[in-house]
Every structure is written in C-alpha cells, then in structure tokens.
Amino acid sequence: MKSPIKAIFLAALVSGPSLFGADVAMKVTDKNYLDTQGFSVFLYDSTYHPVFVDQKNTAMEMILHGQRIATNGDVRLMPTPEQWDLVATLKGRHADKEKNRLTAELAFPTFDVSYTLEVAAEAGGVRVSINLDKPLPEKLAGRAGFNLEFLPSIYMGKAYLVNGTDAGIFPRTPNDPMTKMMPLADEPKKAYYLEDWDKAKGYTEPLPFAKGKSITLGVDDSLSRVNVVSDTADLMLFDGRDRAPNGWFVLRSLIPAGKTSGAIVWHIRPDVIPNWTRPPVIAHSQVGYAPQFQKEAVLELDPKYDAPKTAKVLRLMEDGKYQQVFEGPITTSTPWLRYVYSKFDFTQVKDPGLYVIEYAGQRTAPFPISEGAYANIWQDSLDHHIAAQMDHVAVREGYRMWHGASHLDDGRMAPVVGEQFDGWNQATATDGKWKGGDRIPGMNVGGWYDAGDFDLEEPAQLSVIQSLALAYREFHLKYDELTVDEKARQVEMHRPDGVPDTVQQVKHGALLILAQFHNIGHAIRGTHEPDLRQYTQVGDGASKTDGRIYDPKLGLNEVKGDYSGRPDDRWIFTTNNPFFQWQAIAALAAAADTLKGYDDALAKDCLDTAIKAWNDEKAHPTQFPGGAGWGGDPEAAPANGVLAASQGAVNGSKSSRNKKATPGAGTNAGATSTAPAPPANSRRRAFGIGMEWPAALELTIATHGAEPYKSKLKELLPQIIGEQTMELFGWTAVRALPYLDASEKEQLRGAVKTYMAGLDKKLNATPFGVPPSMGTWGGSGAVVDMGIRMYFLHKAFPDLVGPEYTLRAVNYILGTHPVSSTSYVAGVGTVSKTQTYSNNRADNAYIPGAVIPGYIVIKPDFPECIDDFGFLWFEDEAVVAGSASWVVAGNAAEAIVQESK
C-alpha cells in the first residue's frame, strides 16, 4: 500500500507541475533552437544522412550541462531501430520565436501518414507533441511510437525512477527478453541483403525494462537528471544494445489508435543547475613540447563564465610538490560556435621537466617539456594499429592474439552486378576471364583491414603503401619492433627481425596490389563481405570465414579438404577506374624504391608491373564506369593525390559497421544512393591532373629521372602547382626538385609564396589555426595532412614556410583541439582516447596508435567528441590510412625538432 506522501509525490509527477526545472524558461535563439542556460533542444538541424541514414545525430536532440544526452526524437516503427530501419521523410521545419516553439512536418508516405512534431517551451522545460493529420492506420497501431534515444555512456550504472517510486539501475550489459516483430505487409521493399539480414536475426526486438507514466533518468547524477511525463500512452524504456552494441537507451510511447491532435504529449523537465556554466577546457599537447618551440594552450570557455585573466604553469618536482614557474595573461576571448576561446602562451618555459597548466582552479594532467617530446608519438600507430590491421596473417603480441590468419579463402568475383551494402558496386558481370561467382586464385595475400571493419578498401591500401614508403625514404626510418613472416603468415609484436617495419608493411601492401595485377590485370575496387551478418561481426577477423574455398557442389555444412559448402568467401569487386589505376602505379613505384636492398626480386616485380601498367594506361586509358561511389564519378574519390586515402581525404566515404544506408532502406523518399552530384569542370580538370601526377612523380623517383616519366612530370608541373591544386597535391612537387631546372624551381617557389600569402587568414577561421571539422566526419585527417604538407614545404623553402604549422597540426591531434584535451591518438599522451570504433569496439576497447576522426559539429553549433563512448563512427573510427599518415606527420615533427639543434 502506497504511503500518503508517495501518493502525493506520484500525483504531482503525473498531473501537476514538475519538481524539476522550476526556473527553466526556454527561448528560441537566433540559430533556431530552444535554449536556456545549461539546456538546449535542437529539432532537425541535421537530417538523416542520404547515405548513412541513422547516425545518432538528428531529429529532436537535447544538450544538458554540456553533454548531448539524447537524440533521434521522432516517430519510429520499431522500439529499438537499427541503422537501416525506416525513418520518416522531413517535409519542413519552423522556429517560432514569438511562441518559443519548434515544429517539423514529417511523413511516412508508404503508409499515408503525415504529422507534425512540435517542441514548445513550457514552465520547467519543454512540451513535446505528435499531431497527426488523420488517425493512425490500423496496421500501425502498436507499431508507431515516439522514440527518444539516450546516450548509454551517460546513463549506464545510473539510477532511474518510474512513477516516482519504482527504482532501477540502467544496465551496463543488455539482457532483456526478446520478442518477434515481423515486417509490416506494406513496408517498403528492402534490398535483398537487408531482407537476408533481418531473417538471420529472427526479426527480434527487446521488451521494455521499465514502464510508467513518469520516468526520471539519472536520478543520482545532477548533471544528467531529467524527468519525462506522458499525458497519453505509457512511457517505456528499451535497451537498443539488445539488437546492436552501438544501440542507445530508447524512451518510447506508442501512438494511440483514433487520435490526431496530441496523439503523443510528453513533458520533459531537466534538472538544470541554476546559473550553470561549463567548466573551462585547457586544450594542450598531451605529450608535451620541445623546449625551443612555441607552447600555447587554447582555453575553451562558456560565454557566461567569468573567466580569470591569467593562467599559470607549475613544475611537478621529484617529491610530488608543484612549484609555480610562470604566470601570464590569456588573450581576449574570440567567439566560435557556442563557446569563446582564449590562448595562453607559455613559450618562455623551456627547462626540461614535468609541468601542468593551472587555470580557474583546474590543473591539467602532467606533460613533459623535453627534446624528445615527439620522438615516439608515431610508433604505436606503426607497430600496433597498422600491425593489428594486417590481413591474411596471424598477429600476436606476447600472450595476446590480436587475430588469427584471416580470410585465407579470398575470394570470389562479386556475383551480383550493381550496388551492394556499404556503397560497394560491381559494374560488370565479367572481367577478362572471370565471371561473377568465380574464385580468383592468389588473392589471399597482403593488405590491411580498412578501419573498424575488415574489408580491403583499395584507396586505403594504396595510401598506406605510399605513406609508409614516404616515411621510410624521407626519415630513413629503420625502426624495427616487428617480426613479419609472410610465408608462415605470422606477425609478432615486440620481436625485431632485422628489417625495418615500414619496409615490411610496404611489402605487405605490395603483395596485395601485385596479386590484383597478376591475377585480374588491373587495380580493383576492393574485397568485401558477402552479407550483412558477416559484415557486422567484430572481434577476431579469422573467425569471419571458415578459411576454406567455397564449392557450390558441397552441402552448406559439408567439408572436403580445403573446400566447404559455406559461401562465406569474401567478394572481390573488380570494378576499376582511372583513379585506382594511377594510384596503384604510384604505390607500386614507391614500393619498388623502398624494397630495394631488402627484397630485390619483389622490388623488380613492383617496378616492372608499374611500368607495364603505365604503358597500358597510356595506350588504353581506363574509363570511369557508371554507377556510384568509388566505382563511379571522380568527385567521389579522395582529393589528395599522394596520400590519397589518408583520414582527411577518405573518411567521407569510409565504410564501417552499422553506418551505411542501402537501396530500399532508410527514408520513405525511396532508394538512397552514394552517387554524388557531378563535379564542376574545374574540379574534373584538377582531379584528372591529380590522378596522373603521383604516378609520374613516383616513377621518376624510382627510376632516377628516367623517361617518359620525368618529361610527364615537367609537363604537369604548371597545372599541379596552380592555385586550385596546390593544397590538394601541388605541394608534393617539392619532392621533384632534384629533377627540375632552375626556372621550374623558381616557378614552384613562386607558387608556394602565393599559397602562403592567404594561408594564415584561412586557418584563422577557427581558434586552433587548422582546417575546421565541419563535415559529417571528424576532420583530424585533414589536420594530419596539413602537418605533412607544411613539413615538406618548410623543408624545401624554409624562408617562406616556418616549422610552426607542422607542430601546430601535431599538437592539435595530441590534445590542442575543441571539446576536450584528449589525445586523438589512442594510447599516446597522458590523457588519450581509449574507446575507439575499432574492430574490438564491442569490448569498449581500443587499438594503440589508432587515430580517431575527432570532433564534429552537431548542427547548428555544438562541437562534440565523446571520450567515454566509442560507437559513433564519425567521431571514433580510426582508418588504417590515417595511422599511416600519422607515422609521416609524427616523424615530421621530430625532424623539425632535430633540425633546430
């Protein structure tokens, strides 16, 4: 029996004013969202992505005390929808400043359902309502409901209360009863691979773990406490992780039959701390600084924060005590997005030792000032992340097996023409002597898993080869901590074998590209999983297939020697285009130059193959096939001609588990496509130049200036170093300086001078002095590319280009960036990212040396990179090409420090 006090409390929650947020009064801002100090609500400032669909960053979103606690607030037809499940079509959105109300008009055209989602300010928070144009069709009763998803990393282990009395704890591990929820008869037809995936999962959905009219989330956490009351149907709490490990907690109410206006009415009341301001972020390098170079921290501040005007540097002494060594002013704050930024320069602190920055009562973690600050920042990327991504070999570290020898049954030519999941596309049913479904022998060698998934993306393979070949040759990189035995298919970490690790990795990549040319005749789109069940599997790559060659004559579970009846062999997408072909020529030439003296036979094979491919391409140019993505228009391909698949260039088209849309999935607007809009003519011309240039450059270097490569290089030079192409790939012309005459060198110098004239103004668009991250994928790769580019320009023209650009880029990656001061290189620095979207993400873990994309802007103005959650691919997924680029950038920083001596 309820006590009178509990009964009164329950009645207040359900029908009266909330005990929460009594002083919360929200208003529509000039940026068209609802806001009050400490709490913001967005409504469709971003839409479901036309390619990726559900990215967990659209519809109704809530930011409480500086954290995005909830997203995806809208009508859904499933309790815990996955990446590929149906979403509504947005028809329009409005912000009413007079009534402090946001509205969005939406529809499910297939079911003839149109409605308005309204979020309006009210005392204590917001009122959320769903208003239908006409009653819900009978077939959607019990299926259509309003969902709002809450971030697991904030609420796991926190308490919740239902109806004010029934208590529970948000689970750390999903463990709810499951039930079948079959597709609706009139649901839009999905692509066959989505239908197969649904069948494989058994059409299951979890049951709710809590239910009531009022639910308070995060009762024990003053920063995330929020109360939701429903005036209509019951609230239900689901755990989306029951279906997929990247799922969120879902709060849901079903839409009642027969209702239109106010079919759903929720009152959301956050417990906003009065006059709350976000604590300052002291962004600095987590590996420290070299004594003789600039040392600058960037302070990210709440605009309403009364910021102190000075900051201090303290030295950490041997006895554990702190000694102040410097105090200096911070600069006048500059607004950017929703925060303001000041800088703190402490360059005059030069003595080697351990230090912290102290500001506004906060101290950073210790960091060194040392001549060797940057000496080892790249090593984990080379000998952990890139090594752990190696395909077709087993990778061991001490007692730990990173994975067994994987995909030894590669592969079959893709048997289905057209677009597949994750944007992959096979253009033709035949390729030379091969037809769809044929096993192509010799393809189970070399290469690296692309990212958090296990496919062999061609641009990534070509980029890693070129980046590591560049690192080896430029920095004389003899570092050796791996044993690599290609014949035995075994790799051991922390076991030197006398061969530089960069050389061994270049060889590993070259084996894959040579296999393509020797067995197929050209570069290809890549190698990919045959179905979504295999594609979504994470963990040990060797467990994804049975390692036996598929024989359709055998039964599904029948095995005969090295053959089986299980069709799990990966598909080889043989589609080619000129970008792949020219980049492959460049990669093989770079590999040839690197392998000389270590494997002369393989070096010769690489060079001979590159030269033959060059001649073939000149005689019979490869054409862009029709279709989408990498197999289609050049606009979809990476921009950077030499480090083409580095993180900054490739991330926008990266493939990864649970993030790509597919035909027949996603919105009601019809099939989505990865096909971009046709590029402008100038971009087409620039791209055409950029495709051929790296091949000409690498073959000129590999052949010591032989013809016709040197002449082609000189022919392309004026176009390469033009204003539109300098930043993309023109900067690589400095590597051709030994082959240029005096007038060409002067022409290049003039182009660099022109480029530098406008660079600072461009970089000063953000407080961090690096390219901003304004796309759908974090922009750390573009910053790494900047560090590499500016190093080579500085080396060639030190009077025009200073060393500070490269060090600024490297310091940014290592912690001097928005949102937090966490190093974007997993495991590198005092405080670093330790949950990444890698192939071990199901363990909430990371691979050392993985370089994450970093922050994105949740539109319109909220920069975000969540430290303790690794399931947002656009913030957390490290691509192998990004790690290879970081090896170059890290060595560049160290070279600059050594140069100064």
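For the structure, see preceding data.
Residues numbered from 1 in each chain as written. Predicted model: local features only at pLDDT ≥ 70, side-chain atom pairs only at ≥ 80, totals over all residues. Heavy atoms only, no water.

**Quick notes on the environment of G145**
Counted only if it meets this: Each helix is a run of DSSP H or I of at least 4 residues and each strand a run of E of at least 2, with the numbering of both proceeding from the N terminus. When a residue's accessible area, from a 1.4 Å probe over protein chains only, is under 20% of the maximum for its type it is buried; when over 50% it is exposed; and in between it is partly exposed. The contact definition used throughout considers only heavy atoms, calling two residues in contact when any of these lie within 4.5 Å.
Within the secondary structure, G145 is located in strand β10 (residues 145–150). Given a relative accessible area of 0%, G145 falls into the buried group. C-alpha of G145 to C-alpha of Y550: the two residues are 405 residues apart in sequence and 44 Å apart in space. Excluding anything up to four places from it in sequence, G145 contacts D74, V75, R76, R252, S253, L254 and I255.

**Overview of the sheet that holds strand β31 (residues 400–403)**
How we decide: Strands are treated as partners if at least two bridges between them are detected by DSSP. Axis angles are defined between N-to-C directions and span 0 to 180 degrees, where every axis is a line fitted to C-alpha atoms and, for a helix, only to the segment in contact.
Spatial ordering of the open sheet is given by β31-β30-β39-β38, a layout of four strands whose pairing is mixed. Of all strands in the sheet, those bounded by a partner on one side alone are β31 and β38 (482–485). Direction aside, the axes of adjacent strands within the sheet are offset by 20° on average. The pairing of strand β30 (residues 394–397) with strand β39 (residues 490–493) spans three bridges and is classified as parallel. The residue bridging R396 from the neighbouring strand is E492, located in β39. Packed onto the sheet, helix α4 (residues 379–388) meets β30, β31, β38 and β39 and runs at close to 145° relative to β39.

**A look at the pattern of salt bridges**
Close approach of charged atoms allows side chains with opposite charge to pair. The criterion, for reference: We count a salt bridge whenever a side-chain nitrogen from Lys or Arg sits within 4 Å of a carboxyl oxygen from Asp or Glu.
Scanning all chains against the criterion turns up 48 salt bridges. Among the salt bridges present, the one from D599 reaches K507, with a minimum N-O distance of 3.1 Å. Taken together, the residues span a long stretch of sequence, with D599 in the loop between α8 (578–595) and α9 (600–619) and K507 in helix α6 (residues 501–519) at a distance of 92 residues. On the basis of relative accessibility, which here comes to 24%, the residue K507 falls in the partly exposed class.

**What to know about the nonpolar core**
This is how the line gets drawn: Residues grouped as a nonpolar core are buried Ala, Val, Leu, Ile, Met, Phe, Trp, Tyr and Cys residues, joined through side-chain atoms within 4.5 Å.
If you look at the biggest cluster of nonpolar residues, it comprises 233 residues, and the most contacted ones within it are F150, Y374 and W886. Tallying contributions element by element places α8 first for this core, with 13 residues. Filtering out sequence-adjacent residues up to four positions away, W886 remains in contact with I377, W378, S381, V784, V810, I813, L814, V825 and V851.

**A word on the packing of helix α15 (residues 780–796) against helix α18 (residues 880–900)**
Cut-off, in case you're wondering: Should an angle fall under 35 degrees it is called roughly parallel, over 145 degrees roughly antiparallel, and 65 to 115 degrees roughly perpendicular, with every other angle called oblique. Should the near helix be turned anticlockwise from the far one by less than a right angle, the crossing is left-handed, and should it be turned clockwise, the crossing is right-handed. Under the grouping applied here, Gly and all other residues not named as nonpolar or charged are polar, the nonpolar ones being Ala, Val, Leu, Ile, Met, Phe, Trp, Tyr, Cys and Pro and the charged ones Asp, Glu, Lys and Arg.
Where α15 meets α18, the closest approach of the two axes is 9 Å, and the angle between their N-to-C directions is 40°. Relative to α18, the element α15 is oriented oblique. Note that α15 runs across α18; the crossing there is left-handed. Residues V784, D785, I788, Y791 and H794 of α15 form the contact with α18, whose own contacting residues are S885, W886, V888, A889, A892, A895, I896 and E899. Looking at the contact of α15 with α18 residue by residue, the classes come out as nine nonpolar, two polar and two charged.

**A few points about helix α5 (residues 458–475)**
Operational definition: Given a helix with a known number of residues, its expected span is that number minus one, times 1.5 Å.
Look at α5: 26 Å from first C-alpha to last across 18 residues, which is about the 26 Å you get at 1.5 Å a residue. Most of α5 is tucked away, with 18 of its 18 residues classed as buried. Just beyond α5, the residue with positive phi is H476, at close to 50°.

**Brief notes about the packing of aromatic side chains**
Put simply, the rule is: Paired rings are identified among Phe, Tyr and Trp, the last through its six-membered ring, by centres lying within 6.5 Å, and are further divided according to the angle between planes into stacked (under 30 degrees), edge-to-face (over 60) and tilted (the rest).
If you walk through the whole model with that rule in mind, you get 40 aromatic pairs. Arranged with centres 6.1 Å apart and planes meeting at 70°, the rings of F209 and F249 form a pair that is edge-to-face. A residue pair is termed long-range when its members are at least 10 positions apart, and F209 in the loop between β14 (204–206) and β15 (210–212) and F249 in strand β19 (residues 249–254) qualify at 40 residues. A residue is classified by how much of its surface remains accessible, and F209, at 19% relative accessible area, is buried.

**Thoughts on the sheet that holds β10**
On the basis of which strands lie adjacent, the open sheet formed by nine strands has the order β1-β2-β3-β4-β5-β10-β19-β18-β15 and antiparallel pairing. Only two strands of the sheet have a single partner each, and these edge strands are β1 (27–28) and β15. Pairing of strand β5 (residues 67–76) with β10, which is carried by five bridges, proceeds in the antiparallel orientation. Opposite V75, over in β10, you have F146 as the bridge partner.

**Observations concerning unusual backbone geometry**
Omega for the bond connecting D410 with G411 falls within 30 degrees of zero, at -15°, which places this linkage in the cis form. Residue placement: G411 occurs in the loop between β31 and β32 (412–413). The amide bond that connects K859 to the next residue, P860, takes the cis arrangement and shows omega of 10°. Of note, P860 is situated in the loop between β45 (856–858) and β46 (862–864).

**Notes on the side chain of T700**
Note on placement: T700 falls in helix α11 (residues 681–702). Relative accessible area serves as the criterion here: at 0%, T700 is assigned to the buried category. Leave out the neighbours within four places in its chain, and T700 touches G705, A706, Y709, K710, L713 and Y739.

**Some details on the packing of α4 against α18**
Packing of α4 against α18 brings their axes to within 9 Å, and their N-to-C directions diverge by 165°. Between α4 and α18, the angle falls in the class roughly antiparallel. In terms of crossing hand, the pair formed by α4 and α18 is left-handed. Across from S381, L382, H385 and I386 in α4, the residues of α18 making contact are V880, S883, A884, W886 and V887. Class assignment of the residues belonging to the contact of α4 with α18 gives a composition of six nonpolar, three polar and no charged.

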